[in-house]
Amino acid sequence: METSEIQSALAHSRSLPHGRGRTERLEMLAAAAKSGPDRALEGSVLLELAQAYAYAGERDRAPVAYGRLLRIYDDFPAELGPMTYSVHWYLKWLTWGLIDNPAVPLPTTYLWLYELERRYRQRGYSVRPVLALRSELARELGQHDLAAELLDTARAAPRDSMSDCDACERSQWGANYAQAGDDESALESWRPVIDGARSCAEEPHRVLGQALLPMLRTGRTTEARSAHLTGYPLVRHLPDLRRSVGEHIEFCALTGNEARGLEMLAEHAAWLADPGADVAIRLAFISGVCVLLRRLAELGLGALAVGAGTADSVRAELSVEIGELTARYDARNGNTVVSERVAARLAQQPLIDQLPLGVRNTLSRRDVAVAPAVTATVAEQAEDALQLAELAAVRLVDYPQDAEQYLRQALSIGATALPAEHLARLSSQLVMVLSAQPGREYELADAALTAAARWEPISAADAIHLTFVAARACHRAGRHGEAAALFEQALAAGEQPYPPAEMAIVRRQYGESLRKLNRFRDAAQQFVEAGCLVYNNPDRVELEAELIWSAASALDYCGDDEQAVVAFLRAAHLWGTLDRIGSRAKCLRSAAWLQRYGAGMASDRPWLTTMRDLLTELEDLAETSPSPEVTTELLNTRTQLADMQRDEDD
């Protein structure tokens, strides 16, 4: 291949999704560049290839490519000099990938760490990240005291341009504490990431998965649910985050949500037959899966279909693979730390009977369910619970706080004594009481999800409604990750429990949460679908206008200019039917700017027509119906039209 062809193909490869297809393309380009005369181009391809391996979950393949990159970097300093920062930055990540790779002997790993430190000191970089990597290796070997000491030294070293971001560093700090058995310190280290104060392209994706079990073990069940609902959509289908997917599946297995775990596993079933993935990521993922499969076996559900087999057969196959992988680690490390750690993970028992997560497909447990014996004591609990429920019923409207107290007591006492439908009705009453009290969104969401779980075997419609209640409570509370996950579940259930106009409002809230999460294309889809629910409804013109305007803005954010223009013009028309001058003018100007960018110097210049028509409309209003709003919009329109024309002249 000619140099220009390689450069063009390299640029094209950046548009490909991460995975084997992209890495194979880059491997071919690396071979072509190696046979050519341009060492800087070869260096660029090799650097891109090393990054692609990491994001495809194939870190095992990176050392050969990076070794070649370092050789040409040293041999051709003038040609590769501009790549100095990138070479040293990704050398750090390459070394990190060697630490938990059982194919790399420990002496080789120590050699790479030495080489990393030597190059960093030579260039004047801080050794902070090198010390952190040495700490990670000590942790992998079970040397927790040394790992803590090295990490403290790393944290004391100065930060510079080679340091990981604060979110990534905190991820490692917390992992050190968690593996040493200190859940509280782990959560304290992760807190700014969990709360959203620290983030990056990799976080909070990883931390939210790592924090799930420490949260459960320390009694933070509501926070654990939040971390799951927010975190799973972030890691879904991402090959390099299989470890985190496995953690979410494991979480479901240990919280009475085996059905949800199976749904998640079904989404990633192809990964079960993909042993070529990075060894450490593979082991972490299938270990999490086996926690679920073992739980299914304990429930008598080992015959359920999983992938190409059953839960029992897949577990048997994966157990053999896990044994082989852990044996490789033990042989490399000279101890049994990894095999013991994985064995302990696989032997875990549920941490909570059931943590409601929203609408789910209930697994049949008829083979393992045991009906409680009806005794005089059980009957007397039931009677007490019913009396408390009656007390709550007469206080629902006038004394909601008293009603809440009685209902909570009734649910606690009657949990094992009352019929399932009675418990579900009491749970719904608690939801009603909480919904009437402003500022109780957190408690409302929790109560609604609990009620949804109780209604699901009885009435799917009630379960879906209550999941929507929880989603809307999370939305109002600003917990948009949870809200989006719950909205998605309820909508995917198929039944829509509200009339079209109410469903339009629900979808608008879903779209607003998606927009807060920077998922603009998904948000636009929800706004459009919401608008369709009230299309041409004369009583809901304002709502339709708001929805289409929101859709237009979201489409603008994700770069879909053509559809955004259509939506802005539709919203402008609707605002015009309502005589909403300011809103109509803003939509038309937004459409014109997008037309301006798209049309460029095209002869028809649609943006100019849009702006001149708006200007004429506003000038007429200024004469016939003057107002401060008309004056403001007229000034803004003239100013922006002048800006557009000046840009065209430039």
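Right above here is the structure, for reference.
Residues numbered from 1 in each chain as written. Predicted model: local features only at pLDDT ≥ 70, side-chain atom pairs only at ≥ 80, totals over all residues. Heavy atoms only, no water.

J.: What's the story with the overall build of the protein in this structure? I'm lost.
T.: A tally of helices and strands in the protein yields 33 helices and 2 strands. Expressed as lengths along the three principal axes of its C-alpha atoms, the size of the protein is roughly 90 × 75 × 50 Å. The buried share of the protein, reckoned over its 650 residues, is 50%. Taking the intrachain contacts of the protein between residues at least 6 apart in sequence as the baseline, contacts between residues at least 24 apart amount to 64%. (Helix = DSSP H or I, 4+ residues; strand = E, 2+ residues; numbered from the N terminus. Buried < 20%, exposed > 50% of the residue type's maximum accessible area, 1.4 Å probe, protein only. Contact = heavy atoms within 4.5 Å.)

J.: Any chance you could explain the pattern of salt bridges here in plain terms?
T.: Once the charged atoms of two side chains with opposite charge are near each other, the side chains can pair. Applying the stated criterion across every chain, the model contains 55 salt bridges. The residue Glu42 makes a salt bridge to Arg68 at a minimum N-O spacing of 2.7 Å. Within this pair, whereas Glu42 is found in helix H3 (residues 39–55), its partner Arg68 is found in helix H4 (residues 62–75), the two being separated by 26 residues in sequence. Residue Glu42 shares its accessibility class with Arg68, and that shared class is buried. (Salt bridge = Lys/Arg side-chain N within 4 Å of Asp/Glu carboxyl O.)

J.: Would you explain the packing of aromatic side chains in this entry?
T.: Centre distance and the angle of the planes are the two values used to describe a pair of aromatic rings. Evaluated as defined, the whole model comprises 10 aromatic pairs. Where Trp271 meets Phe285, the ring centres are 5.4 Å apart and the plane angle is 75°; that geometry is what we call edge-to-face. Here the residue Trp271 occupies a position in helix H17 (residues 269–272), and Phe285 occupies one in helix H18 (residues 279–298), the gap between them amounting to 14 residues. Since its relative accessible area comes to 10%, Trp271 is described here as buried. Relative accessible area serves as the criterion here: at 1%, Phe285 is assigned to the buried category. Ring-pair connections join several aromatic residues into one group, and the members of that group are Phe468, Phe487, Tyr498 and Tyr510. A cation sits over an aromatic face here: Lys92 above Trp89, 3.3 Å from the ring centre. (Phe/Tyr/Trp six-rings, centres within 6.5 Å; stacked < 30°, edge-to-face > 60°. Lys NZ or Arg CZ within 6 Å of the ring centre and 35° of its normal.)

J.: Can you help me understand the environment of Cys200 in this one?
T.: One can find Cys200 in the loop between helix H11 (183–194) and helix H12 (205–210). Through-space distance from the C-alpha of Cys200 to that of Cys168 is 7.8 Å; in sequence the pair is 32 residues apart. Setting aside anything within four residues of it in sequence, one finds Cys200 in contact with Cys165, Ala167, Cys168 and His205.

J.: Can you help me understand the nonpolar core in this one?
T.: When a protein is soluble and globular, its nonpolar side chains tend to lie buried together. Among the nonpolar cores identified, the biggest contains 89 residues, and Val431 and Phe468 are the most heavily contacted of them. Look past the residues within four positions of Val431 in its chain and what remains in contact with it is Leu444, Ala447, Ala448, Ala451, Leu466 and Val469. (Core = buried A, V, L, I, M, F, W, Y, C linked by side-chain atoms within 4.5 Å.)

J.: Before we go on, may I ask you to explain the side chain of Arg440 in this structure?
T.: With respect to the helices and strands, Arg440 occurs in the loop between helix H23 (420–435) and helix H24 (441–455). A polar atom in the side chain of Arg440 sits 2.7 Å from the side chain of Gln437. Once residues within four sequence positions are removed from consideration, Arg440 is found in contact with Glu404, Arg408 and Leu434. (Polar contact = N/O pair within 3.5 Å; in protein donor to acceptor, adjacent residues only side chain to side chain.)

J.: What exactly am I supposed to notice about the state of the cysteines here?
T.: Covalent bonding between the sulfur atoms of two cysteines is what defines a disulfide. The full count for this structure, using the stated rule, is 0 disulfides. Of all cysteine sulfurs in the structure, the one in Cys252 sits closest to Cys474, which takes part in no disulfide; the separation is 16 Å. Unpaired in this structure, Cys532 has its nearest cysteine sulfur neighbour in Cys558, at a distance of 16 Å. Judged by its relative accessible area of 56%, Cys532 is exposed. (Disulfide = S-S within 2.5 Å.)

J.: Whenever I open this one, the environment of Pro63 confuses me. Can you help?
T.: For Pro63, the location among the structural elements is in helix H4. Sequence spacing of Pro63 and Leu98 is 35 residues, and the spatial spacing of their C-alpha atoms is 8.2 Å. In this structure Pro63 touches Leu94 and Leu98, once residues within four positions along its chain are discounted.

Taken by themselves, the reported measurements are silent on function.
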